[in-house]
Amino acid sequence: QLQLVESGGGLVQPGGSLRLSCEASGSSLQFFAVGWFRQAPGKEREGVACASISGDSINYADSVKGRFTISRDNAQNMVYLQMDSLKPEDTAIYYCGADSFSPTTDRGLPSLTSRKYWYWGQGAQVTVSS
């Protein structure tokens, strides 16, 4: 069974940067599509950035395009989310998710729908505030 653990969250000023890490164990990440999701208080969990099993296809939420970058290192069983130009509205708990089915949208992009993913980490708090 796949286990996921996030790290790298914290407090940052608006315009600053953070890098989240997700370490997988129990199974090799090369067999899973992966993604980052976030949930703010009173809101549903939303997809932020997701990558296909091969890593050749990536999908970003419109709200983070140009600011966030997802990457994966299958050899090290790691997934990363580089967050630049952070805004207060980025404040949320960020979760790493994975699924062996490699869920996709009707257009063939990695799905940003959280219910399509089976495995989850415990979450990492990201707070953007001045």
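Overview of the structure.

## As for the overall build of the chain
Scanning the chain for helices and strands turns up zero helices and eleven strands. Along the chain, helices and strands appear, N-terminal first, in the series β-β-β-β-β-β-β-β-β-β-β. What you see for the chain is a C-alpha radius of gyration of 14 Å, in line with the 14 Å of a compact globule of 130 residues. When its C-alpha atoms are laid out on the principal axes, the chain stretches across 40 × 30 × 25 Å. Classification of the 130 residues of the chain by burial places 46% in the buried group.

## What to know about the nonpolar core
Counting residues in each nonpolar core, the largest one holds 31 residues, and the members touching the most others are Leu4, Trp36, Phe68, Ile70, Leu81, Met83 and Tyr94. Elements represented by at least two residues in this core include exactly strand 3 (18-25), strand 4 (33-39), strand 5 (46-51), strand 7 (68-73), strand 8 (78-83), strand 9 (92-99) and strand 11 (124-128).

## Comments concerning the environment of Met78
The topology assignment puts Met78 in strand 8. Considered as a pair, Met78 and Val5 are 73 residues apart in the sequence and their alpha carbons are 9.7 Å apart. Setting aside its immediate chain neighbours within four residues, Met78 contacts Ser21, Cys22, Glu23, Leu29, Ser71, Arg72 and Asp73.

Reading the values: the criteria
- Residues numbered from 1 in each chain as written.
- Predicted model: local features only at pLDDT ≥ 70, side-chain atom pairs only at ≥ 80, totals over all residues.
- Heavy atoms only, no water.
- Helix = DSSP H or I, 4+ residues; strand = E, 2+ residues; numbered from the N terminus.
- Rg over C-alpha atoms; globule rule 2.2 N^0.38 Å.
- Buried < 20%, exposed > 50% of the residue type's maximum accessible area, 1.4 Å probe, protein only.
- Core = buried A, V, L, I, M, F, W, Y, C linked by side-chain atoms within 4.5 Å.
- Contact = heavy atoms within 4.5 Å.

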